[in-house]
Amino acid sequence: MATKVLPFYQKRHKHYGYDYRNLDSRSVVKKYTSKSSLSKREGEEEEVKPKPRAFPYGTKLREMEAEISKLKRSAHEQADMIALTRMEEERTAVQRHVREDSICRAPEFLVQLRSHTVWENSFVKLFCTVQGFPTPLVRWYKDDVYIDQTSEPAKYRMESYYGAHSLEINRCTTNDTAQYTALAFNIHGEASSSATVIVKRFRGDEEPYHSVLLPLNLPLLSPPVFTHIDVQYSEKFGVSFGTEGETMILSCRMILTPNLRRLQPEAVWYRDDVEIKKSKWAAMQFGDCTATLTLPHLNKDDEGLYTLRLITRGGISQHSAYLFVRDADAPVVGAPGAPMDVSFYDANKDYVILTWKPPNITKESPVIGYFIDRCEAESNNWIQCNDAPIKICKYPVTGLFEGRSYIFRVRAVNKSGISRPSRVTDAVTALDPADLARLQTIYFDGSRQIVISQDELEGDIKPPGIPTNVHVAEASRNYIVLSWDPPEPRGREPLVYYVEKTMAGSSAWQRVNQEIAARSPRLAIFDLAEGKSYEFRVFAVNKFGMSQPSASTGPVVVQERIEIPSSPSGVRCARNTKHSVVVHWTPSKTAKDLIGYYIDSCLVGTNDWQPSSLPAFSSIRFVVHGLKNGHKYIFRVKTVNALGLSEVSQESEAITVQAALTAPSSPYGITLLDCTKDSMTLGWKAPRFTGGSDITGYYMDHREVTDLHWHESNIKPITGRVYKVENLKEGSFYEFKISAVNLGGVGIPSDSSRPFKCEAWTMSEPGTKEITSGVDAEGNIFLSFECHDMTNASQFTWGKAYEDITDLSKVHIETDGEKSKLIFKHPDVSDLGTYTVAVSDTDGVSSSYNLEKEAIPLKSELSYEVFDKGQVRFWLQTEHVSPNAACKFIVNDLELADSKDHKITFDKSTGMIEMVMEKFTSKNEGTYTVQIQDGKAKNQSSLVLIGDAFKAVLEEAEFQRKEFLRKQGPHFAEYLHWHVTEDCVVELICKVANMKKDTVFAWYKDYAAVTPDEPPNPKTGESKLSIPEFSKKEMGEYKMTLKDDKGQDVTVLDVAGKGLSASELKIKCTPEGIRLQSFLKYYMEDVKVFWYHKDSKIASSEKMRIGGSRDQVWLQICEPNDRDKGKYTMEIFDGKTSYKRHLDLSGEGCDQKESIEVLYALTHFVFQTLSLTSTVFGDPTPEVTWLKNDKDLELNDHHNATLEQGKYASLTIKGVTTEDSGKYGINVRNKYGGETIDITVSVYKHGEEIPVVKRGVQPPEHAKAAHAEPSKPEAPKSSKTGRRK
């Protein structure tokens, strides 16, 4: 039962006399009355002028008396003047205080600081404007370090003039590149504004400003004002276990960004969403980025879900974990645990009602009752309130003394003994809350007041009035609490009450409280016979006499108003973690005044039941922690109310404690295995983490590199790890990602693969080779040819200029099996030309080779490549060379040697020559040449990097270097882009990588902080910001930032005017024809919609009807035919920009191949045969399935289905009868999706009335589509899609 909130006067543990009300009131009235009388007499004395007294003793005495009178009047006037001056000063001070309070406010920046980029040795001046009262003071900081103007007087100059503040930096150097902050503060708070100053050094022909050259670690724009503190928890408290009497400490360490000493968050602790106040049972501390909660003496009342909430100006960050508290050892073996949550309510002058929760019993004997103890506050003298144990968890404690404060505790009793006492309650003072309402305050002279009681105004009441509203407030089989309202008026004399009872129907009244009168309008009556019916009445008594009796309560039966609840049912368990299980159950059907549920657990085979939750849990789901991994447990649940515990529920099925099934991790290693002009075959590796069950399949998505949206590659799961994706565009680049599936669901997708080009792979025919050139170990140049189709009679014939070589003075021919070499003895310019070789006794095997100037053949010319760190690699590859070959790298006629800045390598085995330049700068513009020499053979290759070609390489190197530095810290793997969901919700999506626990992310819209619905997914790195209703006010510049100690990154997307919250056009079949529709999430009144067919504007007519609402627009095509095929366009115009959606009804498939669309459906019958015809389309050709009443239709002689030309689907029903009535459906599907449409067929007997279906009106279910009368043939109606049988 919920407890009432204590009035403030009951939280103060002060003692009052019995008649405090009358004494206080009289003293207050007497005090102010005496003051008033004194003031009146003084006023009267001032108004009466003293008359001069006549003395007969001479003139001197009279003059002396006149002088004395004059001095007295002067003294009175001065005293009055001083009093008036003091009064005026007090009034002025009050008015000034009120006026200042009305205009007091914390500092606020009207004009923020702006970032600047300046050249070296110039000056820069930062301005800002601040308002607030009292006038704020402004301090300047450089990279969070205070700027002391006195340390460098000529460097910095600070000015403040009527709220305008400035900081001037003279003769800027590169060391002045930093973030500058202006911090304004007064007694009401503080505010800050920051800006970045970038100092650049001029280098000759360098442009004055270029964004590519800005340092990566500095923001380009001013960061927002610190109104939000990012909180990252470095250490958290987890699920904890303790025992009664122990000390428990819960703590959290965090990283605050920014961590400002004057702008710290407020740490608030909660238990079960109720704020924990500082008391002797709980102590809270917060400092040095650590929040601590100390529970010095654990009690079962301390068990619950603890939450730490850090409250900042920008939002709330919180962390929660459960604390379990076990029972301490009982003082007597077998005794129950202590009761919990002892509280009180309805406190009055001489009694209070206590409530508590029963302890959970597992192995102990049942509780037979409770003892209640009381103790006066600030003492240790405990008194037991009840002689016999009370069985219900509620008890009225009587016999309290008015004005004293008390604390209470409860002990449980069973046949083994008495439990430990519960935690004591807060102190409650025995006072009548109605007395406070009877006090009145009268104000006069501005600040003076008189407090009187309403009793004083009522005077003497002789005798008192009759009490009213006598009723039973609490009732059980042990007691009844009677309540009533005091008589009105009550009078100034104290009242007491007497209660009389009688058996129902009897007139013999008997006084209940003969010896002790009740001082409050409440009385607990004990010693009543259970099951009997009583009546009660009340008398009010003061010193003048006794009132007449009140009206009778009527018959009141002494019985228990509630009963023991029934047990819960349906206890079931589910895996959660390695040491916890989730328990669910069905609530009790009869649970009046429900307190909650207790959960017990038992290790299978031990019969050792242990309580899993000590406080009663009100939900029907509970997570049981502290279990042993790999062991089997069973669970049971009990219902709890004020009468006690129900019977235990049936035991749950045994469950093994282990981690719950989760989706698998992502596959990896996507590889292209084969490729044709319109298909790709890919393979991949299985996920590293299976999620606790076997992988059952894979799903693949693909997209073109230029497309932001992913498309499904397969409908059914792929069982293997190789899949062929078809219907791709030749020459396009595609990316792929794959998700694994197990019993836990679909896992996160893999990272997108590298782009693969869709083009057919080609290969030389087996047995054929080309002439190759090279240099042997002796440095001789040679041409070589190899043929595998030779016979014993085959011979090689070499030629030059297509003539056989007969002069062997300059060449030498070597033949070894299937390989032949032509070796040049002394190569020179005359050896250049075209050489051929032919193999006899074959199918014309031959080859040719053009030997040009290069003596050492090259596989590739000198080229360059930019690495991801910004390094530039120059490389070329030769044919085979000898180990004695050498090379030189020459840049602008200057030979480069192998060094740290220029790493030169020459791999003779592969012929690969390369030079890697660690840092490519503007000084590296020029001509690059590689000279090669191998014995007598020489060659060289050059690369010219001058002008635009050099700028392209330099920009790419700078970009790659910055990209590498950016990716060392948190960065964006995919920059910000937008996507519109099927529900027309605009999502701003980006993907982050290399994040840590302390990485801080933030969203901004037009430089204002925005809080997303959820943080970035730590597994996928995806971050989203959803805009449910996109309109003009949502347009603007969106930005997301990442920052930690390794670096920072930013991505910006300008969505102003870029999109409209409208879905793609979709087709819907209606009884009238086809409806093209688009759903709108937000529709503005100034938006205009136009429809086009084949680029011709459509006007609304009976054939083409245009309509819409706030959430959709549509075009209805009535009775469509072949002329209605073609491209349809919907144009939305918002006054500035038009947005279009397209749909192709040509019947040849849409570009995106998203799904199959059913164009039109109509039922038609002729005589005793009914034909249902539908036109479908899709690429590839869809599969057609017919349904009746949502079940597959069995095809036979009565039902015949056909599909002609891949798009005309028909179902023929022969010999139509009334049994053929029902809902028919056609389902079409291919690998890109599918659709189902339904139509109702109703067959009527001859003579029955057939409803008329009106155009535009939805027909009834029994008459939507077609009607047939088997007994009487009827001529068919015209239909463009029906066919006769």
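Heads up: the structure comes first, above all this text.
Thresholds, definitions, all that
- Per-chain numbering applies: the sequence of each chain, read as written, is numbered from 1 onward.
- pLDDT decides what is reported in this predicted model: residues at 70 or higher carry local features, side-chain atom pairs at 80 or more are listed and counted, and totals for whole chains, interfaces and linings draw on all residues regardless.
- For the side-chain quantities, the full set of heavy atoms in the structure was used; hydrogens and water were omitted.
- Think of it this way: DSSP has to see at least two bridges between two strands before they count as a pair.
- Each helix is a run of DSSP H or I of at least 4 residues and each strand a run of E of at least 2, with the numbering of both proceeding from the N terminus.
- In this analysis an axis means a line fitted to C-alpha atoms, helices contributing only their contacting stretch, and an angle means the value between N-to-C directions, from 0 to 180 degrees.
- Take the number of residues in a helix, subtract one, and multiply by 1.5 Å to get its expected span.
- Each residue is placed in one exposure class: buried if its accessible area under a 1.4 Å probe, protein chains only, is under 20% of its type's maximum, exposed if it is over 50%, and partly exposed if it falls in between.
- We define a nonpolar core as any set of buried Ala, Val, Leu, Ile, Met, Phe, Trp, Tyr and Cys residues linked to one another through side-chain atoms lying within 4.5 Å.
- Only Phe, Tyr and Trp rings take part, Trp by its six-membered ring, and two of them pair if their centres are within 6.5 Å. Stacked means planes under 30 degrees apart, edge-to-face means over 60, and tilted covers everything else.
- We call a charge positioned above a ring when the Lys NZ or Arg CZ atom is no farther than 6 Å from the ring centre and deviates by at most 35 degrees from the ring normal.

A word on the sheet that holds strand S72 (residues 1008–1010)
As summarised here, the arrangement of the four strands in space is S72-S71-S74-S75, forming an open sheet in which the pairing is antiparallel. Edge positions in the open sheet fall to S72 and strand S75 (1047–1054), since each of these has one partner strand only. Each strand of the sheet is rotated relative to its neighbour by a mean of 30°, with strand direction disregarded. Pairing between strand S74 (residues 1037–1044) and S75: eight bridges, direction antiparallel. Note on S75: the bridge partner recorded for Thr1041 is Val1050.

Considering helix H5 (residues 948–968)
Here H5 contains 21 residues, and its C-alpha end-to-end distance of 30 Å stays within 8% of the 30 Å for a straight helix at 1.5 Å per residue. When H5 is considered as a whole, its buried residues turn out to be Phe950, Val953, Leu954, Ala957, Glu958, Arg961, Lys962, Glu963 and Arg966.

Remarks on the nonpolar core
A general trend in soluble globular proteins is that nonpolar side chains are found buried together. Among the nonpolar cores identified, the biggest contains 45 residues, and Phe785, Phe874, Phe920 and Tyr928 are the most heavily contacted of them. The element that contributes the greatest number of residues to this core is H5, accounting for four residues. In terms of nonpolar packing, the next biggest core, distinct from the first, is built from 28 residues, Ile392, Tyr395, Val481 and Ala642 among them.

Quick look at the sheet that holds strand S79 (residues 1096–1097)
Overall, antiparallel pairing links the four strands, which are arranged S79-S78-S82-S83 in an open sheet. The two strands at the open ends of the sheet, each matched to only one other strand, are S79 and strand S83 (1138–1144). Note: strand S78 (residues 1088–1093) against strand S82 (residues 1127–1133), six bridges, orientation antiparallel. Bridged to Phe1090 within S82 is Glu1131.

Some details on unusual backbone geometry
Here the residue pair Phe133 and Pro134 is connected by a cis peptide bond, since its omega of -5° sits within 30 degrees of zero. Residue position: Pro134 is located in the loop between strand S3 (124–133) and strand S4 (137–142). Residue Asn994 is not a glycine yet carries a positive backbone phi of 60°. Mapping Asn994 onto the fold places it in the loop between strand S70 (986–993) and strand S71 (1000–1005).

Quick look at the packing of aromatic side chains
How two aromatic rings sit relative to each other is set out by the distance from centre to centre and by the angle between their planes. Summed over the entire model, instances satisfying the criterion amount to 23 aromatic pairs. On the numbers, 4.5 Å between centres and 45° between planes, the contact of Tyr322 with Phe324 is tilted. Phe324 shares its class with Tyr322; the two are buried. Between the aromatic rings of Tyr395 and Tyr479, the centroid separation amounts to 6.5 Å while the plane-to-plane angle is 80°, which identifies the pairing as edge-to-face. With a gap of 84 residues between them, Tyr395 in strand S23 (residues 394–398) and Tyr479 in the loop between strand S29 (468–475) and strand S30 (480–485) connect regions that are remote in the sequence. The same class applies to Tyr395 as to Tyr479, namely buried. Grouped by ring-pair contacts, the aromatic residues Phe241, Tyr322, Phe324 and Phe622 constitute a single cluster. For the cation-ring pair, Arg423 lies above Trp281, with the distance from its terminal atom to the ring centre recorded as 4.3 Å. A cation over a ring is seen here: Arg636 above Trp609, with NZ or CZ 4.2 Å from the ring centre.

So, the pairing of S3
Where burial is concerned, the two faces of S3 differ: the one with Val124, Leu126, Cys128, Val130 and Gly132 is buried and the one with Lys125, Phe127, Thr129, Gln131 and Phe133 is not. With four bridges connecting them, strand S1 (residues 105–111) and S3 associate as antiparallel partners. Considered in S3, the bridge of Val111 is made with Thr129. Pairing of S3 with strand S7 (residues 164–169), which is carried by six bridges, proceeds in the antiparallel orientation. What sits directly across from Phe127, in S7, is Ser166.

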